[in-house]
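Below are the chains, spelled out letter by letter.
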Amino acid sequence: VLLVFSQSNVKDTTIGKRTGEKVIIESISETDLPLIYASDLAEQRIKHEIRVADENVFKKGFVVDVNVENRNGNPVAYRVTNVHQIIDLPDNDDKD
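Small disclaimer: the values here were computed from a predicted structure and weren't measured.

Let us now look at the pairing of strand E4 (residues 60–71). Sheet analysis places strand E1 (residues 2–7) next to E4, joined by two bridges and oriented antiparallel. Residue Leu-2 lies in a different strand from E4, and its bridge partner there is Val-63. Sheet topology places E4 next to strand E5 (residues 74–88); twelve bridges connect them, and they run antiparallel. Across the sheet, residue Val-68 finds its bridge partner in E5, namely Tyr-78.

Structure follows, in structure tokens:
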């Protein structure tokens with residue numbers, strides 16, 4: 001699925017715990033939800049884009065495998081297990 005950030009955090013976190021970051025996965029919910037890293041590799045790849053990459057993380061999309069954490073049938077958090085690809089998102093401000 002395509003994950004985009006609505007809030008980022010440069011701090012390291014414990015695998016399996018909430019990160020302080022919020023993301024949107026429109027194919028699941030239009031509401032931003034907390035992000036949980038389920039693997040070290042997924043965290044390293046995403047944190048590299050937040051901390052080191054020259055581009056703005058809010059203009060990037062992350063194609064990921066994700067488990068949805070639910071409560072009472074509603075999504076409450078996303079647990080990222082794998083990052084497949086990082087893509088540049090088109091600007092919404094462009095007018096054709």
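It is worth spelling out helix H1 (residues 40–51) at this point. Taking 1.5 Å as the rise per residue, H1 with twelve residues should run 16 Å; its terminal C-alpha atoms sit 16 Å apart, in good agreement. Buried within H1 we find Ala-42, Glu-43, Ile-46, Lys-47, Glu-49 and Ile-50. On an axial view of H1, the arc spanned by its buried residues comes to 155°, and they lie on one face. In this structure, H1 carries Leu-41 and Gln-44 as exposed residues pointing more than 90 degrees from its buried face. For H1, the secondary structure elements touched by its buried residues are E1, strand E2 (18–25), strand E3 (29–37), E4 and E5.

About the criteria used
Residues numbered from 1 in each chain as written. Predicted model: local features only at pLDDT ≥ 70, side-chain atom pairs only at ≥ 80, totals over all residues. Heavy atoms only, no water. Pairing = 2+ DSSP bridges. Helix = DSSP H or I, 4+ residues; strand = E, 2+ residues; numbered from the N terminus. Expected span 1.5 Å × (residues − 1). Buried < 20%, exposed > 50% of the residue type's maximum accessible area, 1.4 Å probe, protein only. Arc of directions from axis to C-beta. Contact = heavy atoms within 4.5 Å.

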